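Here is what each chain is made of, one letter per residue.
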Amino acid sequence: MNDPLILGLESSCDDTAAAVLRGRQILSSVVMGQAELHAAFGGVVPEIAARAHAEKLDLAIEQALTDAGVMLRDIDAVAVTAGPGLIGGVLSGVMMAKGLAAGLGKPLIGVNHLAGHALTPRLTDGLAFPYLMLLVSGGHCQFLIVRGPQEFTRLGGTIDDAPGEAFDKTARLLGLPQPGGPSVEQAALSGDEKRFRFPRPLLDRPGCDLSFSGLKTALLRMRDQIVADQGGLYEQDRADLSAGFQAAVRDVLAEKTRRALALYLADAPEAPAIAIAGGVAANTAIRGALQAICDERGVRFTAPPLALCTDNAAMIAYAGGELLALGELSDMALTARPRWPLDRNAAPLLGSGKKGAKA
């Protein structure tokens, strides 16, 4: 029997995406970005993002079906990001998915966006449970033991900014283009990471929690001091500041990964592996540091292709397929959730008001 044909939708931030998967085979993956719409604002504007999703979702779906060479009636199930994310964008995707599922008479599957990232190594590399995941993106950073499609144990995470957010803020402070991650990484290539002394937050404390807001503050002060001393900021200054900032993030993530890996290995998994996913997983310096740690411990290291590190609908379709196999379906009461922690038993790291914990 063939694996079901699943249409995935993703609209949690500023990428409108649709994909068609059969098992682990990606038949199509369409991502329509919004960078030009938000460029003038220095970051993602939720209202603009939501409007763009509403305008582009049907186009993304049509293109995904065309690329896959299938008709809408061929789809066996519809999987959609139901949170966490910018509520307007998530709502656009959920309502579209509900309409498609109802019209086709096919199963609807609400997927946690973070679970999509966390399960990506199973899509790309067929990793067996359990494996250690470093989920590192613009909005999230946490270490997870992935035990099943709905079973996650959080070992630690950021108590303030996520690394991707810190990269974006660093780019704005240095006058570099958005998105900040690639811009800072490119600038760092010609920089001296030792010129400026950046802090390595929380390395003096036990555990796997992380903090990145202090790095942004440190960079701001260094930048302002340079401007005061020489009357401006030169290209080499930007490169050196970028390199120093990136090195600090790399070192923090590397040390915390060592600690998380020790906790994971204490469970004596049969096929130990660590994976990295999320937008910041595209950073080659960070990937290299984690690869070295895994080589030291004899643990398999996997990182998805760059196109599957950032937000995409292929990961949502795959996660939906795993849930479908378990019979975990949604109904028309599915709601868009701005917050949706993966480990529901862990104490909140960020916020716990009426909307619930962020992570």
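Calculation criteria
Residues numbered from 1 in each chain as written. Predicted model: local features only at pLDDT ≥ 70, side-chain atom pairs only at ≥ 80, totals over all residues. Heavy atoms only, no water. Core = buried A, V, L, I, M, F, W, Y, C linked by side-chain atoms within 4.5 Å. Buried < 20%, exposed > 50% of the residue type's maximum accessible area, 1.4 Å probe, protein only. Pairing = 2+ DSSP bridges. Helix = DSSP H or I, 4+ residues; strand = E, 2+ residues; numbered from the N terminus. Axes fitted to C-alpha atoms, helices over the stretch in contact; angles between N-to-C directions. Contact = heavy atoms within 4.5 Å. Expected span 1.5 Å × (residues − 1). Arc of directions from axis to C-beta. Polar contact = N/O pair within 3.5 Å; in protein donor to acceptor, adjacent residues only side chain to side chain. Phe/Tyr/Trp six-rings, centres within 6.5 Å; stacked < 30°, edge-to-face > 60°. Lys NZ or Arg CZ within 6 Å of the ring centre and 35° of its normal. pLDDT = per-residue confidence, 0-100. Salt bridge = Lys/Arg side-chain N within 4 Å of Asp/Glu carboxyl O.

## Digging into the nonpolar core
Alright, step 1. Ranked by size, the top nonpolar core spans 79 residues in total, and within it Met133, Phe198, Phe212, Leu241, Phe245 and Leu253 carry the most contacts.
Alright, step 2. Leu9, Ala18, Ala336 and Trp340 belong to the second-largest nonpolar core, a separate cluster that totals 25 residues.

## Regarding the sheet that holds strand β4 (residues 77–83)
Alright, step 1. Overall, mixed pairing links the five strands, which are arranged β3-β2-β1-β4-β5 in an open sheet. The open sheet terminates on both sides in strands that have one partner only, identified here as β3 (25–33) and β5 (108–112). Neighbour to neighbour, the strand axes of the sheet diverge by 20° on average, direction disregarded.
Alright, step 2. Bridge count for strand β1 (residues 5–10) against strand β2 (residues 15–22) is six bridges, and the pairing is antiparallel. Within β2, the residue paired with Ile6 across the bridge is Leu21.
Alright, step 3. Docked against the sheet, helix α3 (residues 87–104) engages β1, β4 and β5, running at close to 160° with respect to β4.
Alright, step 4. The strands touched by helix α4 (residues 113–125) are β1, β2, β3, β4 and β5; relative to β5, the strand with the most contacts, the crossing angle is about 90°.

## Re helix α9 (residues 284–297)
Each α-helix winds once per 3.6 residues, and so residues spaced three or four apart point in a common direction.
Alright, step 1. Under the 1.5 Å per step criterion, the end-to-end length of α9 is 20 Å for 14 residues, consistent within 8% with the ideal 20 Å.
Alright, step 2. Those residues of α9 that fall on the buried side of the exposure criterion are Ile286, Arg287, Ala289, Leu290, Ile293 and Cys294. For α9, the buried positions fall inside an angular range of 165° around the axis, keeping them on one side. Counted as exposed and oriented over 90 degrees from the buried face of α9: Thr284, Asp295 and Glu296.
Alright, step 3. Packed against the buried residues of α9 are β6 (131–136), α8 (235–265), β9 (273–277), β10 (300–302) and α10 (306–309).
Alright, step 4. Where α9 begins, the side chain of Asn283 points an oxygen toward the backbone nitrogen of Ala285, at a separation of 3.0 Å.
Alright, step 5. A positive backbone phi angle near 70° is found at Gly298, which sits one or two residues after α9.

## Let's talk about the packing of aromatic side chains
Alright, step 1. Throughout the structure, instances matching the rule amount to two aromatic pairs.
Alright, step 2. Ring centres of Phe129 and Tyr131 lie 6.1 Å apart, and the angle between their planes is 10°; this geometry places the pair in the stacked category.
Alright, step 3. Judged by its relative accessible area of 27%, Phe129 falls in the partly exposed class.
Alright, step 4. Geometrically, the ring pair formed by Phe167 and Phe245 is edge-to-face, given 5.1 Å between the ring centres and 90° between the ring planes. You can see Phe167 sitting in helix α5 (residues 163–174) and its partner Phe245 sitting in helix α8, a full 78 residues away along the chain.
Alright, step 5. Under the relative-accessibility criterion, Phe245 is labelled buried at 0%.
Alright, step 6. The positively charged end of Arg122 is found above the aromatic ring belonging to Phe129, 3.9 Å away from the centroid.

## Some thoughts on the confidence of the model for the protein chain
Alright, step 1. Mean pLDDT for the protein chain: 91, with 95% of residues reaching 70 or above.
Alright, step 2. When pLDDT is averaged over each element of the protein chain, β1 comes out on top at 98 and strand β11 (residues 352–353) at the bottom at 42.
Alright, step 3. Here residues 351–356 scores under 50 on pLDDT; set against residues more than four positions off or in separate chains, the count is ten contacts.

## With respect to the pattern of salt bridges
Alright, step 1. Applying the stated criterion across every chain yields a total of 14 salt bridges.
Alright, step 2. Note that Arg238 and Glu235 form a salt bridge whose closest N and O atoms lie 3.1 Å from each other. Within this pair, Arg238 and its partner Glu235 are both found in helix α8, separated by three residues, close to a single helical turn.
Alright, step 3. Between Glu255 and Arg259 there is a salt bridge, and its shortest N-O distance comes to 3.2 Å. Of this pair, Glu255 and Arg259 both sit in helix α8, separated by four residues, roughly a single helical turn.
Alright, step 4. One network of salt bridges, with partners in common, ties together Glu193, Arg200, Arg250 and Asp251.

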